[in-house]
Amino acid sequence: MYLCGQSSDKVQQYNLSTAWNISTGSYVANTSILTQDTSSVDLHFKPDGTTMYLLGDATNTVYQYTLGTPWDITTSTYSSKSFSVAAQDGAPTGIWFKPDGTIMYVLGATNDIIFQYTLGTAWDITTASYASISFSAAAQDSGTNALVLSSDGTKLWVTGSTSDKIYEYNDFISNIKNLIEYLNFSNIKNVSNIKNYTFEKKLEKGYVRVNKSRLDQVYPEFETDLQKTAVWAMLGA
């Protein structure tokens, strides 16, 4: 088990004598990340334990580390690789990766929104770019601070400090992957105006931002489908 300390700016490692039972945990070691950020808020490991990613609130940046011995944080070294998420949120609180390392998710506390990033090279944080896709959990809690996704991407869990609850969302990735929403535009007559509007539509237990500004780029049949009132919509900010 691993914890990042916001006050100590260290990653703490614990062993569990009984798998998944935290009451059997015992302290092993720690490593300092103070040189990179003075307020670490979350971390994530590559599935094989050879790479660690740390999210820093002071710099709004994700830092990448290499572990000489998998899962042993005392062998970690900064890889001189980082990626800033400040353009999306100035108070990031949570980080998660798709199991194959091609997608990263960052939860921002400013607006309680999860932002999605694409990694051109799997697990290389320097190749990350904002995918213009986001998901808002603000309707459930105004103090979101951590997120976890199931390995198959069908469920998302977000913790809220305001209500002290864990919220579960179903079909999170499948909704984004499909990029399909059926919206009724019967009252909208000017197609060009739609591209400048940002709508919010209730989805499952949360809300997604539906932005029309990128439709021309990714969906050339937009105007045709609009007439049928069953159109494709980008799930992004």
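Residues numbered from 1 in each chain as written. Predicted model: local features only at pLDDT ≥ 70, side-chain atom pairs only at ≥ 80, totals over all residues. Heavy atoms only, no water.

Things to note about the overall build of the protein
Formally: A run of DSSP states H or I qualifies as a helix once it reaches four residues; a run of E qualifies as a strand once it reaches two. Both are numbered from the N-terminal end. For the exposure calls, accessible area comes from a 1.4 Å probe over protein chains only, and a residue counts as buried if that area is under 20% of its type's maximum, exposed if over 50%, partly exposed in between. We call two residues in contact when some of their heavy atoms are within 4.5 Å. We get accessible surface area from the Shrake-Rupley algorithm with a probe of 1.4 Å; when it comes to residues, only the shown protein chains can shield them.
Secondary structure summary: the protein contains 4 helices and 17 strands in total. Within the span of the protein, comprising 237 residues, buried residues form 45% of the whole. Counting contacts in the protein only where the partners sit at least 6 residues apart, residues at least 24 apart contribute 41% of the total. Accessible surface for the protein amounts to roughly 11,500 Å². Of this, 49% is attributable to carbon and sulfur atoms.

Here's the deal with the environment of Thr-126
Examined against the element boundaries, Thr-126 turns out to sit in the loop between β10 (113-119) and β11 (128-136). The exposure class assigned to Thr-126 is partly exposed, which follows from its relative accessible area of 43%. Note: C-alpha distance between Thr-126 and Phe-83 (43 residues apart in sequence) is 6.0 Å. Discounting residues that sit within four places of it in the chain, Thr-126 has contacts with Lys-81 and Ser-82.

Focus on the sheet that holds strand β12 (residues 144-149)
Inclusion rule: Pairing between strands requires that DSSP locate at least two bridges from one strand to the other. Fitting a line to C-alpha atoms yields each axis, with helices limited to the stretch in contact; the angle taken between N-to-C directions then spans 0 to 180 degrees.
Spatial ordering of the open sheet is given by β12-β13-β14, a layout of 3 strands whose pairing is antiparallel. Two strands bound the open sheet, and with one partner strand each, they are β12 and β14 (165-170). Looking at each pair of strands side by side, their axes are set apart by 20° on average, direction ignored.

Some words on the confidence of the model for the protein
Just so we agree on the cut-off: Note: pLDDT gives the predictor's confidence per residue, expressed from 0 to 100.
Here the protein averages 77 in pLDDT, while 72% of its residues score no lower than 70. Segment residues 173-220: pLDDT under 50, and 102 contacts once partners within four positions in sequence are set aside and those in other chains are kept. Below pLDDT 50 for its whole length, residues 222-237 participates in 57 contacts with residues either more than four positions away or in separate chains.

With respect to the pairing of strand β2 (residues 10-16)
Side-chain direction in a regular strand flips from residue to residue, so the side chains alternate between the two faces of the sheet. Examined bridge by bridge, strand β1 (residues 2-5) and β2 share 4 bridges and lie antiparallel to one another. For Gly-5, the partnering residue across the bridge sits in β2 and is Lys-10. Taking the residues that link successive antiparallel strands as the turn, the β1-β2 hairpin has 4 residues, and the phi of Asp-9 there is positive, at about 55°.

Digging into the sheet that holds β1
Neighbouring strands of a sheet are bound in pairs by backbone hydrogen bonds; such pairs are parallel or else antiparallel. Taken in spatial order, the 3 strands make up an open sheet running β1-β2-β3, and their pairing is antiparallel. Each edge of the open sheet is held by one strand with a lone partner, namely β1 and β3 (25-32). Going across the sheet, the axis of each strand differs from the next one's by a mean of 25°, ignoring polarity.

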